[in-house]
Amino acid sequence: MELKNKKLLQTGIFIDNKFTKSTDNSTFKVNNPANGKLVCTVANATEIDTNKAIHSAETAFKKWSTTNVLERSKILKKWYQLIIDNKDDLALLLTTEQGKPLNEALGEINYGASFVEWYAEECRRTYGETIPFSNNSKRLKTIQQPIGVVAAITPWNFPTAMITRKVAPAIAAGCTVVLKPAEDTPLSALALAQLALEAGLPKGVLSILPTTNYKDIGRILTTHPSIAKVSFTGSTTVGKLLMQQSASTLKKLSLELGGNAPCIIFDDAELDNAVKGAIATKYRNAGQTCVCANRILVQKSIYPTFLKKYTEAVEKLKVGNGIKKNSTIGPLINQEAIDKIKNLLTDALENGAKITLGGNQHKAGKLFFEPTIITNCTNEMQLSKEEIFGPVSSIFIFETEEEAIAMANDTEYGLAAYFFSENVNRVIRVSEKLEYGIIGINEGIISTAEAPFGGIKQSGFGKEGSFYGIEEYQITKYICIGNL
Ligand code: ADP
């Protein structure tokens, strides 16, 4: 990996605006999932480091929370510009540690940067209210204030964007942040810290704790009395654990957890657009996003035509090292991801499903999997209940709109759902009946800084992006002035 800006390869813990060794000098390895080669070793944060970072954030909060919005906005804008100026290096770093194709990595850098830009602007519009009074001797108002020190825990599938989506609104609101990135992808997080430092972010406002000791550090971050808020993106199982741990000090929480997105293709869909949208939502990041279509539900009357067109489109995907220009599907993150897919496929086949394309590991390497289509799927199969998180399309058939809605809602998750239809009445009916936090209609790519992203049911709660995203890091203080 040849970076133009060598400073972007940071391997230390980031505390007090310095990259340091861990207190016990331990390190861990970051490997390239495309070829298994060692990229570098990174300092492995300990419990002592975690307490240091929290202390630093607590100290910094006293001052940072009193800065005015213009001061915060200026630093965020500078950070945004530095991310954009270094986007080729950041994308290369991202592909090297995470695997996604370079083009997608570049897309993620732009998308990640857009949250920094958005919240640089949005913090200037977090108004309080003047409330009409019912007693002439009183005046009532509210102000928005930063909640305090924030702990953020992020996953490996978007090593840049999941960080900016939390850190930008938090620091824009006047909070300070202690972030624990995923152990598979700490380098993108540390590169962002380097650029935040260059942008002039004061020490202690952002700390980064790369670590493989995530259970112990997670426990400190969710139980420490100085932390006011925990923002987590990851699995539902871990989300529930963090919520339990956070109960001891009643922390405010944002949880962006697993999904089981349905993608419904109705008989009145514009089929070419439906194929394009379904491919975009299914195969992005090799199927490793929480908003990836997990179940493709196709209306019986158009099933043969859809399957033919869809298969032709999937066959065009190019599996390979993300660094290669024409790759559209990179490796999966690790061996467990491959094993999970194999187990889900075996279970589906035993229950009557049929593989019509792919189904095996790909010759490109140990962690590559063939783009796969599996048909005759039913809700008895594990893949109808669990996130596949890989390049596998599971196809289900339905006959009526009511049946499609019932099938789509038959899950404990409620993050994103998609459907394709050109019928305006159906569009309104179905979008109101789907039990999901995000609905994509005739569109497979739904996430953007201006819009609220977040789930319902066991996909969690809280919003990221949009003006709602900054409220997650604020308290609304009510002020009553009396005796007038
Ligand atoms: P995934 O299955 O996508 O890896 P996880 O929920 O396991 O999802 O991981 C998401 C993030 O949560 C990562 O940063 C990981 O290190 C962290 N994590 C996993 N287990 C714990 C835990 N017990 N406490 C705190 N953080 C955890």
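Residues numbered from 1 in each chain as written. Predicted model: local features only at pLDDT ≥ 70, side-chain atom pairs only at ≥ 80, totals over all residues. Heavy atoms only, no water.

The name an unreviewed UniProt entry gives the protein is Aldehyde dehydrogenase, with Arachidicoccus soli as the organism. The UniProt entry for the protein carries the following comment under Sequence similarities (unreviewed entry): "Belongs to the aldehyde dehydrogenase family." (UniProt positions renumbered as here; feature names shortened; annotations may be inferred.)

Here we take up the overall build of the protein. If you tally the helices and strands in the protein, you get 14 helices and 22 strands. The globule rule puts the C-alpha radius of gyration for 484 residues at 23 Å, and the 23 Å found for the protein is close to it. Taken along the three principal axes of its C-alpha coordinates, the protein extends 70 × 60 × 40 Å. Looking at the protein residue by residue over its 484 residues, the buried ones come to 57%. Here the contacts in the protein between residues at least 6 apart in sequence split such that 73% fall between residues at least 24 apart. Carbon and sulfur atoms make up 53% of the accessible area of the protein, which totals about 19,800 Å². Here the protein carries 54 positive and 50 negative side-chain charges, and the mean point of each set is 6 Å from the other. (Helix = DSSP H or I, 4+ residues; strand = E, 2+ residues; numbered from the N terminus. Rg over C-alpha atoms; globule rule 2.2 N^0.38 Å. Buried < 20%, exposed > 50% of the residue type's maximum accessible area, 1.4 Å probe, protein only. Contact = heavy atoms within 4.5 Å. Areas by Shrake-Rupley, 256 points an atom, 1.4 Å probe, with all protein chains shown as cover. Lys, Arg positive; Asp, Glu negative; His and termini not counted. Charge placed at Lys NZ, Arg CZ, Asp CG, Glu CD.)

Glancing now at helix H6 (residues 186–199). In a regular helix each residue adds 1.5 Å, so 14 residues correspond to 20 Å; H6 covers 20 Å between its end C-alpha atoms and thus fits that length. Most of H6 is tucked away, with 12 of its 14 residues classed as buried. Looking only at H6, the buried set comprises Pro 186, Leu 187, Ser 188, Ala 189, Leu 190, Ala 191, Leu 192, Ala 193, Gln 194, Leu 195, Ala 196 and Ala 199. Looking one or two residues beyond H6, the residue adopting positive phi is Gly 200, at roughly 100 degrees. (Expected span 1.5 Å × (residues − 1).)

With 71 residues, the main nonpolar core has Ile 264, Ile 265, Ile 296, Phe 306, Tyr 310, Leu 383 and Ile 395 as its most contacted residues. Not counting residues within four places of it along the chain, the set of residues in contact with Ile 296 comprises Cys 263, Ile 265, Phe 306, Tyr 310, Ser 393, Ser 394, Ile 395 and Phe 396. By size, the runner-up hydrophobic cluster in this structure holds 63 residues, among which are Cys 40, Ile 163, Leu 201 and Val 205. (Core = buried A, V, L, I, M, F, W, Y, C linked by side-chain atoms within 4.5 Å.)

In this section: the sheet that holds strand E18 (residues 416–420). Spatial strand order, E14-E15-E16-E13-E12-E18-E19: seven strands in an open sheet with mixed pairing. For this open sheet the edge positions go to strand E14 (354–357) and strand E19 (438–441), each flanked by a neighbour on one side alone. Sheet twist, expressed as the average angle between the axes of neighbouring strands with direction ignored, equals 25 degrees. Where strand E12 (residues 261–265) meets strand E13 (residues 293–299), five bridges bridge the pair, whose relative direction is parallel. When the sheet's bridge partners are listed, Pro 262 is paired in E13 with Arg 295. Across the sheet, helix H9 (residues 271–283) is in contact with E12, E13, strand E15 (372–375), strand E16 (392–398) and E18; its angle to E18 comes to roughly 160 degrees. Packing of helix H13 (residues 424–433) onto the sheet brings it into contact with E13, E18 and E19, and relative to E18 it is tilted by some 160 degrees. (Pairing = 2+ DSSP bridges. Axes fitted to C-alpha atoms, helices over the stretch in contact; angles between N-to-C directions.)

When the UniProt feature table is mapped onto this chain, "active site" (unreviewed entry) is found at Glu 256 and Cys 290. Sequence-wise these annotated residues cover 35 residues; spatially they are packed, their C-alpha atoms never more than 8.9 Å apart. Mapping Glu 256 onto the fold places it in strand E11 (residues 252–256). With residues up to four places along the chain from it excluded, the contact list for Glu 256 reads Arg 165, Phe 232, Thr 233, Gly 234, Cys 290, Leu 415, Phe 453 and Ser 459. Here Arg 165 takes part through its side chain, which lies 3.2 Å from a polar atom of the side chain of Glu 256. Tracing the backbone shows Cys 290 in the loop between H9 and E13. A residue is classified by how much of its surface remains accessible, and Cys 290, at 13% relative accessible area, is buried. (Polar contact = N/O pair within 3.5 Å; in protein donor to acceptor, adjacent residues only side chain to side chain.)

Once that is clear, we can look at helix H1 (residues 47–64). With 18 residues, H1 should reach 26 Å at 1.5 Å per residue; the first-to-last C-alpha distance of 25 Å fits that figure. Among the residues making up H1, those that are buried are Asp 49, Thr 50, Ala 53, Ile 54, Ser 56, Ala 57, Ala 60, Phe 61 and Trp 64. Projected down its long axis, H1 carries its buried residues within an arc of 165 degrees, all on one side. Facing away from the buried side of H1 by over 90 degrees, the exposed positions are Ile 48, His 55 and Lys 62. (Arc of directions from axis to C-beta.)

Glancing now at the UniProt feature "domain: Aldehyde dehydrogenase" (unreviewed entry) in the protein. Cross-referencing UniProt, the feature "domain: Aldehyde dehydrogenase" (unreviewed entry) maps to residues 20–478 in the present numbering. The span residues 20–478 is 40% helix and 21% strand, and its two end C-alpha atoms sit 42 Å from each other.

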